[in-house]
Amino acid sequence: MIEDKNTPRTQLSELGEFGLIEHLTQNFTISQPSTLYGIGDDAAVLDFNQKKCVLSTDLLVEGVHFDLAYVPLKHLGYKAVMVNLSDIYAMNATASQITVSIAVSNRFTLEALEELYEGIYAAAKLYNVDVIGGDTTSSTSGLIISITATGFAEEDAIVYRNGAKDGDLLVVTGDLGAAYLGLQVLEREKQVFKVNPNVQPDLDQYSYLIERQLKPEARKDMPGLLKALEVQPTSMIDISDGLSSEVIHLCTRSKVGVNLYEDKIPLDPAVISTSEEFNLNSTTVALNGGEDYELLFTIDQNDYPKIKANPNLTVIGHIVDEKSGIGLVTRANEKIELKAQGWNPIKE
Ligand code: ADP
Ligand code: MG
């Protein structure tokens, strides 16, 4: 963390646990009709009427999932919320509440946590979710954040990973690979900074990539768009670990195979140019980079006319039977088996 000598550094011990919780949560307001009671009691109270409730949780650990050397705390707070909301949207549900739990070491000041909560607040406001609770405790080293998100949907609107069937089209939102390259650029700058702290990096040409890494946006728009288009996906998953690994999850859970076409994978021009600069294959980057937080889903072939004109949706392949395998059809028209190289901290 780059410390500014002019900002106050209030030790957390000056507030105590309850003072800290009070301070961090004072700005949160309730806007969802399904939140009957939020922060302040032993538990929050929710009411989804006739709707089904979906719930998902994630844990982010300093040094494993993020590096505070180049991730500002505000961005970290924002991203931690996005990671969770993305899972709710991947069920084709509306996100409505989150809880935020943190473990912090005494290395962190009140001002640092205020920054983290600014990011959480901004994300909650923009995505219209209530912060309804959490937990606060100390850690002997570093920062741990766990967010749980809830949402709701009509039972028959919910989309699982396991519904893809032979002949369905495989569709992806947005474009892929940018977040991974953003991380490569930031890591390179960190190394340059270590050698010469006076170098002011010119990162203009990488702004899209860095934004995708530091400030990803979850696809809040998709459940509504799909409903408006009258498309009910047969299966869906969000892209957190990389296209390859998510395609494999969908196919494995659905017991089907796929032909994924290399030349159809949507790439931003900055992904193509920066892949070249880093001597990386842009297809590999899109397949294995991860952290795009786009959605990957399958639809019935008959629904194709409903989605084909939408610039946010790209058909990248089609589902085949299980024994035909999970394959990437290359630009040279060869089918090779897709392998997941998705980022997995357990394997490292
Ligand atoms: P308990 O002792 O029951 O765990 P706490 O004193 O930890 O209760 O929490 C008091 C209230 O503040 C609860 O509503 C809890 O959900 C909320 N809360 C605690 N920590 C956080 C946090 N980091 N962010 C948001 N809400 C929190
Ligand atoms: Mg508690």
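What counts as what
Residues numbered from 1 in each chain as written. Chains lettered and ligands numbered in written order. Predicted model: local features only at pLDDT ≥ 70, side-chain atom pairs only at ≥ 80, totals over all residues. Heavy atoms only, no water. UniProt positions renumbered as here; feature names shortened; annotations may be inferred. Buried < 20%, exposed > 50% of the residue type's maximum accessible area, 1.4 Å probe, protein only. Helix = DSSP H or I, 4+ residues; strand = E, 2+ residues; numbered from the N terminus. Pairing = 2+ DSSP bridges. Core = buried A, V, L, I, M, F, W, Y, C linked by side-chain atoms within 4.5 Å. Domains from an automatic or database assignment. Contact = heavy atoms within 4.5 Å. Axes fitted to C-alpha atoms, helices over the stretch in contact; angles between N-to-C directions. Parallel < 35°, antiparallel > 145°, perpendicular 65-115°, else oblique. Left-handed = near helix turned anticlockwise from the far one by under 90°. Nonpolar A, V, L, I, M, F, W, Y, C, P; charged D, E, K, R; others polar. Salt bridge = Lys/Arg side-chain N within 4 Å of Asp/Glu carboxyl O. Buried area = accessible area lost by both parts, 1.4 Å probe. Polar contact = N/O pair within 3.5 Å; in protein donor to acceptor, adjacent residues only side chain to side chain. Near = heavy atom within 4 Å. Phe/Tyr/Trp six-rings, centres within 6.5 Å; stacked < 30°, edge-to-face > 60°. Lys NZ or Arg CZ within 6 Å of the ring centre and 35° of its normal.

Taking an unreviewed UniProt entry as the reference, the chain is identified by name as Thiamine-monophosphate kinase belonging to Aquimarina hainanensis. In UniProt, the chain has this text filed under Sequence similarities (unreviewed entry): "Belongs to the thiamine-monophosphate kinase family."

Draft legend 1. Fine view of the pairing of strand β8 (residues 235–238). Taking every second residue as pointing to the same face, both faces of β8 are buried, with Ser235 and Ile237 on one and Met236 and Asp238 on the other. Alignment of β8 against strand β10 (residues 295–299), held across four bridges, turns out to be antiparallel. Note that in β10 the partner of Asp238 across the bridge is Leu295.

Draft legend 2. Fine view of the UniProt feature "binding site: Mg(2+) 4" (unreviewed entry) in the chain. On the UniProt side, "binding site: Mg(2+) 4" (unreviewed entry) is annotated at positions that read Asp42, Ser56 and Asp87 here. In three dimensions, the annotated residues from a span of 46 residues occupy distinct locations, with a maximal C-alpha spread of 26.0 Å. As for its position among the elements, Asp42 is in the loop between β1 (35–37) and β2 (45–46). Here Asp42 falls in the exposed class, since its relative accessible area comes to 79%. Inspection of the secondary structure puts Ser56 in strand β3 (residues 52–61). Since its relative accessible area comes to 15%, Ser56 is described here as buried.

Draft legend 3. The arrangement of the nonpolar core in detail. Counting residues in each nonpolar core, the largest one holds 69 residues, and the members touching the most others are Leu76, Leu85, Ile98, Leu116 and Ile120. Per-element accounting of this core gives the leading share, nine residues, to helix α2 (residues 73–89). Residues from two domains meet in this core; each of domain 1 (12–157) and domain 2 (169–337) gives at least three. Setting aside anything within four residues of it in sequence, one finds Ile98 in contact with Val81, Leu85, Ile120, Val129, Asp130, Val131, Ile132, Gly133, Ile147, Thr148 and Ala149.

Draft legend 4. The packing of α2 against helix α3 (residues 110–126), seen in detail. Interaxial distance between α2 and α3 falls to 7 Å at its minimum, and their mutual angle equals 40 degrees. With respect to their mutual orientation, α2 and α3 come out oblique. The handedness of the crossing between α2 and α3 comes out as right-handed. Two secondary-structure elements touch here, α2 through Leu73, Lys74, Leu76, Gly77, Tyr78, Val81 and Met82 and α3 through Ala112, Glu115, Leu116, Glu118, Gly119, Ile120, Ala122, Ala123 and Leu126. Of the residues assigned to the contact of α2 with α3, the class counts are 11 nonpolar, two polar and three charged.

Draft legend 5. Broad picture of the side chain of Ser34. Its place among the elements puts Ser34 in the loop between α1 (16–25) and β1. In this view, Ser34 contacts Val45, Leu46, Asp47, Phe48, Ser96 and Gln97; residues no more than four positions away in its chain are not counted.

Draft legend 6. Inspection of the pattern of salt bridges at higher detail. Tallied over the entire structure, the rule returns 15 salt bridges. Where Arg219 meets Asp221, a salt bridge forms, and the shortest distance between an N and an O atom there is 2.9 Å. Note on Arg219: relative accessible area 11%, which makes it buried. Judged by its relative accessible area of 38%, Asp221 is partly exposed. Linked through salt bridges whose partners overlap, the residues forming this network are Arg212, Arg219, Asp221 and Glu294.

Draft legend 7. Inspection of the domain arrangement of the chain at higher detail. By the assigned domains, the chain splits into domain 1 (12–157) and domain 2 (169–337). Spacing between the C-alpha centres of domain 1 and domain 2 amounts to 26 Å. Of the roughly 1,900 Å² buried between domain 1 and domain 2, counting both surfaces, carbon and sulfur atoms make up 59%. In terms of surface lost to domain 2, no three residues of domain 1 exceed Tyr70, Lys79 and Tyr89, which account for 34% of the buried area on that side. At the junction of domain 1 and domain 2, the tally comes to two salt bridges. Between Glu291 and Lys79 there is a salt bridge, with its nearest N and O atoms 2.9 Å apart. If you look at where domain 1 meets domain 2, you find 10 residue pairs in polar contact (both at pLDDT 80 or more). If one sorts the elements of the side of domain 1 that touches domain 2 by residue count, α2 sits on top with nine residues.

Draft legend 8. The arrangement of the site of ligand 1 in detail. Inspection of the region around ligand 1 gives 14 residues, with Gly40, Tyr117, Gly133, Gly134 and Thr136 positioned closest. A distance of 2.9 Å is found between an oxygen atom of ligand 1 and a backbone nitrogen or oxygen belonging to Gly134. Of all the secondary structure elements, the ones that give two or more residues to the shell around ligand 1 are α1, β4 (94–104) and β5 (130–138). For the shell around ligand 1, the residue count by class is six nonpolar, five polar and three charged.

Draft legend 9. View of the packing of aromatic side chains. Evaluated as defined, the whole model comprises three aromatic pairs. Each ring, one from Phe28 and one from Tyr117, has its centre 6.1 Å from the other, and the planes form 50 degrees; the classification is tilted. Taken together, the positions of Phe28 in the loop between α1 and β1 and Tyr117 in helix α3 put the pair 89 residues apart, joining distant regions of the chain. The pair formed by Phe28 and Tyr117 is uniform in burial state, with each residue classed as buried. With a centroid separation of 5.8 Å and 40 degrees between ring planes, the pair formed by Phe48 and Phe152 is classed as tilted. Taken together, the residues Phe48 in the loop between β2 and β3 and Phe152 in strand β6 (residues 144–153) connect sequence positions 104 residues apart. One aromatic cluster is present, formed by Phe28, Tyr117 and Tyr121 through successive ring pairs. The ring centre of Tyr78 lies 4.5 Å from the NZ or CZ of Lys215, which sits over that ring.

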